[in-house]
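Per-entry structural report
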Amino acid sequence: PFSTAKLGRIGQECSPPFIKNVIEWKRPDWAKNLPFAGSEDARILQKVVTKGLATPEEPLLVDLSVAGLELASGNGSIDTGLNLD
């Protein structure tokens, strides 16, 4: 099927109290001849940032709240909508 991106890797970055669920999007094969599609290694990282909170009474139960969204290209950050203070 036609899609605007190809799924790369999926993972997490943990830096308490923040947990980032990371999805790597790659250039789809059909776009390799487009002048604005970047190189074969072109990618965008989509990071959904959550903030986790656990209590000493229930350390295995973590309450997650959405803290924001971060987008980054393979060359570095292109947009962050987060204030992680």
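Reading guide: rules and limits
- Residues numbered from 1 in each chain as written.
- Predicted model: local features only at pLDDT ≥ 70, side-chain atom pairs only at ≥ 80, totals over all residues.
- Heavy atoms only, no water.
- Helix = DSSP H or I, 4+ residues; strand = E, 2+ residues; numbered from the N terminus.
- Buried < 20%, exposed > 50% of the residue type's maximum accessible area, 1.4 Å probe, protein only.
- Contact = heavy atoms within 4.5 Å.
- Areas by Shrake-Rupley, 256 points an atom, 1.4 Å probe, with all protein chains shown as cover.
- Patch = residues over 30% accessible without salt bridge, like charges linked within 9 Å, V, L, I, M, F, W, Y side chains within 5 Å.
- Salt bridge = Lys/Arg side-chain N within 4 Å of Asp/Glu carboxyl O.
- Polar contact = N/O pair within 3.5 Å; in protein donor to acceptor, adjacent residues only side chain to side chain.
- pLDDT = per-residue confidence, 0-100.

**Description of the overall build of the protein chain**
- When helices and strands are tallied, the protein chain shows zero helices and five strands.
- Reading the helices (α) and strands (β) of the protein chain from amino to carboxyl end gives β-β-β-β-β.
- Across the 85 residues of the protein chain, 21% fall into the buried class.
- In the protein chain, once contacts between residues fewer than 6 apart in sequence are set aside, the share between residues at least 24 apart is 33%.
- A total accessible area of about 6,500 Å² is found for the protein chain, and carbon and sulfur atoms account for 56% of it.

**Considering a nonpolar patch on the surface**
- Taken together, the side chains of Phe-2, Trp-30, Leu-34 and Phe-36 make up a nonpolar region of the molecular surface, amounting to roughly 510 Å² of accessible area.
- Tracing the backbone shows Trp-30 in the loop between strand 2 (18–26) and strand 3 (43–53).
- Under the relative-accessibility criterion, Trp-30 is labelled partly exposed at 43%.

**A look at the side chain of Lys-20**
- Within the secondary structure, Lys-20 is located in strand 2.
- Its relative accessible area of 16% is what places Lys-20 among the buried residues.
- Side-chain polar atoms of Lys-20 contact the side chain of Glu-70, separated by 3.1 Å.
- With sequence-adjacent residues up to four places away left out, Lys-20 is seen in contact with Gly-11, Gln-12, Glu-13, Lys-47, Val-48, Val-49 and Glu-70.

**A closer look at the confidence of the model for the protein chain**
- Residue-level pLDDT values for the protein chain average 83, and 85% of them are 70 or greater.
- Here residues 76–85 is a poorly scored stretch, pLDDT under 50, and it has 18 contacts once near neighbours within four places are set aside; other chains count.

**With respect to the environment of Gly-68**
- Looking at where Gly-68 falls in the secondary structure, it is placed in strand 4 (residues 63–73).
- Put simply, Gly-68 and Thr-50 are 18 residues apart on the chain and 7.0 Å apart in space, counted from C-alpha to C-alpha.

**Re the pattern of salt bridges**
- This model, assessed by the stated rule, comprises six salt bridges.
- Put simply, Lys-6 and Asp-29 hold a salt bridge, and the shortest N to O gap is 3.1 Å. Taken together, the positions of Lys-6 in strand 1 (residues 6–15) and Asp-29 in the loop between strand 2 and strand 3 put the pair 23 residues apart, joining distant regions of the chain.
- We classify Lys-6 as partly exposed; its relative accessible area is 35%.
- Ionic pairing is found between Glu-70 and Lys-47, a salt bridge with its closest N-O pair at 3.9 Å. With Glu-70 in strand 4 and Lys-47 in strand 3, this residue pair connects regions lying 23 residues apart in the sequence.
- Residue classification places Lys-47 among the buried positions, given a relative accessible area of 9%.
- Look at the salt bridges and you will find they share partners, linking Glu-13, Lys-20, Lys-47 and Glu-70 into a network.

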